[in-house]
Amino acid sequence: MQHKGTKNLETERLLLRPWKESDAEAAFAHWMNDPNVTKYLTWTPHKEVAVTRALLKTWEEEGRATNCYHWAIVLKDKEVLIGDLNILQVDDWNERGEIGYCLGKAWWGNGYMTEALREVLRYLFEEIGFYRLNGCHASENVGSSRVMEKCGLIYEGTRRKFMRLPSTGERVDIVVRGILREDYF
Ligand SMILES: CC(C)(COP(=O)(O)OP(=O)(O)OC[C@H]1O[C@@H](n2cnc3c(N)ncnc32)[C@H](O)[C@@H]1OP(=O)(O)O)[C@@H](O)C(=O)NCCC(=O)NCCS
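The following paragraphs examine the structure supplied in this document. (Residues numbered from 1 in each chain as written. Predicted model: local features only at pLDDT ≥ 70, side-chain atom pairs only at ≥ 80, totals over all residues.)

**Remarks on the overall build of the protein chain**
No. 1: From N to C terminus, the protein chain includes six helices and eight strands.
No. 2: Starting at the N terminus and walking to the C terminus, you meet the elements of the protein chain as β-β-α-α-α-β-β-β-α-β-α-β-β-α.
No. 3: Computed over its C-alpha atoms, the radius of gyration of the protein chain comes to 16 Å, within 12% of the 16 Å expected for a compact globule of 185 residues.
No. 4: In terms of its C-alpha atoms, the protein chain occupies a principal-axis envelope of roughly 45 × 35 × 30 Å.
No. 5: For the protein chain, contacts bridging at least 24 residues in sequence account for 64% of all contacts bridging at least 6. (Helix = DSSP H or I, 4+ residues; strand = E, 2+ residues; numbered from the N terminus. Rg over C-alpha atoms; globule rule 2.2 N^0.38 Å. Contact = placed C-beta atoms within 7 Å.)

Structure, rendered in structure tokens:
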């Protein structure tokens, strides 16, 4: 792989750019404080903006590394911060990473995450040289399932009762998906 890091990426409606500590107020208000957004995630809503600010400080610092791929998603025309798209567990030997994302609830159902992920996959396969991207989601998380399906991530199996939801403690099945270089091209 030829790492280039979190470069600015553009789609028809979105700008994907590195995180800044000064995004904290918007990120907190738009989704990081919202239990609807975190329902199937591994973290719980932030109770105060100081928590978001401390986190974004680390994201801004980490984001300077050339092997970090972590974008803030911004609506181009209104310059509104609406979400997050991250590649976790970047593994150089296996040339793979794991996709993570979330979007403020006010912006769900407009095709934004599909648009963002398609562009990120293009960048990672065509410009960086990843071989595989993993995705996983709670089986009942229909929105995330559709986003991955539409972006070409193939169903590979279900890990039964693999995760306990932080909000309720309920155990849920986790669907595992992946897309390979040859699938993409
Ligand atoms: C999952 C999430 C990122 C989807 O983003 P989005 O921008 O709303 O998704 P899109 O608009 O691109 O939708 C893609 C498809 O999913 C469908 N979809 C989206 N949300 C849905 C929902 N809640 N229920 C049913 N279908 C849904 C859309 O209708 C669309 O399908 P279509 O093209 O066949 O009509 C967003 O709901 C979210 O941030 N959820 C909370 C965080 C989260 O769960 N992250 C993923 C963890 S694995």
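Moving on from the model shown.
**Quick word on helix α5 (residues 142-150)**
No. 1: Ser144, Val147 and Met148 are the residues of α5 that are buried. Axial view of α5: buried residues confined to an arc of 95°, hence all on one face.
No. 2: Check the buried side of α5 and you find it contacts α4 (112-128), β6 (132-138) and β8 (171-180).
No. 3: A positive phi of about 95° marks glycine 152, the residue just after α5. (Buried ≥ 20, exposed ≤ 12 C-beta atoms within 10 Å, placed from the backbone. Arc of directions from axis to C-beta.)

**Structural notes on the environment of leucine 153**
No. 1: Tracing the backbone through its elements, the reader meets leucine 153 in the loop between α5 and β7 (154-164).
No. 2: Since 24 C-beta atoms lie within 10 Å of it, leucine 153 is described here as buried.
No. 3: Spatially, the C-alpha atom of leucine 153 lies 28 Å from that of glycine 169, the residues being 16 residues apart in sequence.
No. 4: Ignoring sequence-local partners within four residues, the contact set of leucine 153 consists of Gly135, Met148, Arg177, Gly178 and Ile179.

**Here we look at the sheet that holds strand β3 (residues 69-75)**
No. 1: The strand order across the open sheet built from eight strands is β1-β2-β3-β4-β5-β6-β8-β7, with neighbouring strands paired in mixed fashion. Edge positions in the open sheet fall to β1 (9-10) and β7, since each of these has one partner strand only.
No. 2: Note: strand β4 (residues 80-91) against strand β5 (residues 96-103), seven bridges, orientation antiparallel. Counterpart to asparagine 86 in the pairing with β5 is glycine 100. (Pairing = 2+ DSSP bridges.)

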